[in-house]
Amino acid sequence: MSVLVNACNSWGVTQVWCGQLPWDVGTGECLTALQGHTSQIYSIDFSLDGETLVSCSMDSTIKIWDVKTGACLKTLRSKRPYECMNITTVTGLTEAEKSTLRALGAVEDGE
């Protein structure tokens, strides 16, 4: 039987554990951790054959994992609305607006 847990540490990094048991009950040692998301995981699902796990995160990614090896097979990311838009010479924006645009994919020279 597989066990699945998600947790968020103090840095906001979320881990998904899967496998027979994610920790050694006797020692408390973590045995398996699937790491890769940088924000809260809000949805998970196993494939019908139990070979893969799909996790969806607030970091705007969907990750497909190999349950046996713990390897991330693929990361899917939707394109952000301002992806690669260079805002270096744009005038009239506050720092807060520039910060928002960068979060949505905009870049400035040197980034």
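Look a little higher up for the structure.
Residues numbered from 1 in each chain as written. Predicted model: local features only at pLDDT ≥ 70, side-chain atom pairs only at ≥ 80, totals over all residues. Heavy atoms only, no water.

1. Things to note about the side chain of Thr61
If you trace the backbone, Thr61 turns up in strand β6 (residues 61–66). Those residues in contact with Thr61 that lie beyond four places of it in its chain are His37, Ser55, Cys56, Thr75, Leu76 and Arg77. (Helix = DSSP H or I, 4+ residues; strand = E, 2+ residues; numbered from the N terminus. Contact = heavy atoms within 4.5 Å.)

2. Describing the pairing of β6
Of the two faces of β6, only the one carrying Thr61, Lys63 and Trp65 is buried; Ile62, Ile64 and Asp66 on the other face are not. Counting the residues that bridge the hairpin from strand β5 (residues 52–57) to β6 gives three residues, and of these Ser60 lies at a positive phi of roughly 70 degrees. If you look at the hairpin formed by β6 and strand β7 (residues 72–77), you'll find five residues sitting between the two strands, and Gly70 has a positive phi there, around 80 degrees. (Buried < 20%, exposed > 50% of the residue type's maximum accessible area, 1.4 Å probe, protein only. Pairing = 2+ DSSP bridges.)

3. Considering the pattern of salt bridges
Throughout the structure, instances matching the rule amount to one salt bridge. The partner of Glu108 in a salt bridge is Arg102, with the nearest N and O atoms 2.5 Å apart. (Salt bridge = Lys/Arg side-chain N within 4 Å of Asp/Glu carboxyl O.)

4. Topic: the side chain of Ser57
Considering the arrangement of structural elements, one finds Ser57 in strand β5. Here Asp59 takes part through its backbone nitrogen, which lies 3.0 Å from a polar atom of the side chain of Ser57. Once residues lying within four places of it in the same chain are set aside, the contact partners of Ser57 are His37, Ser39, Gln40, Ile41 and Tyr42. (Polar contact = N/O pair within 3.5 Å; in protein donor to acceptor, adjacent residues only side chain to side chain.)

5. Brief notes about the sheet that holds β5
Picture the strands of a sheet paired through backbone hydrogen bonds; they go either parallel or antiparallel. Strand order in the open sheet made by the four strands is β4-β5-β6-β7, with antiparallel pairing throughout. Looking at which strands have only one partner, the edges of the open sheet turn out to be β4 (41–46) and β7. Shown here is a sheet whose adjacent strand axes are inclined to one another by a mean of 15 degrees, direction ignored. In the sheet, β4 pairs with β5 via five bridges, with the strands oriented antiparallel. Following the sheet pairing, Ile41 is matched in β5 by Ser57. (Axes fitted to C-alpha atoms, helices over the stretch in contact; angles between N-to-C directions.)

6. Regarding the environment of Ala33
Mapping Ala33 onto the fold places it in the loop between β2 (14–17) and β3 (34–35). Classification of Ala33 by relative accessible area gives partly exposed; the value is 30%.

7. Here's the deal with unusual backbone geometry
Phi at Ser60 is positive, roughly 70 degrees, even though this residue is not glycine. Of note, Ser60 is situated in the loop between β5 and β6. Residue classification places Ser60 among the partly exposed positions, given a relative accessible area of 48%. The phi angle at Cys84 is positive, at roughly 70 degrees, despite the residue not being glycine. With respect to the helices and strands, Cys84 occurs in the loop between β7 and α1 (95–103). Among the residues examined, Cys84 registers a relative accessible area of 58% and is labelled exposed.

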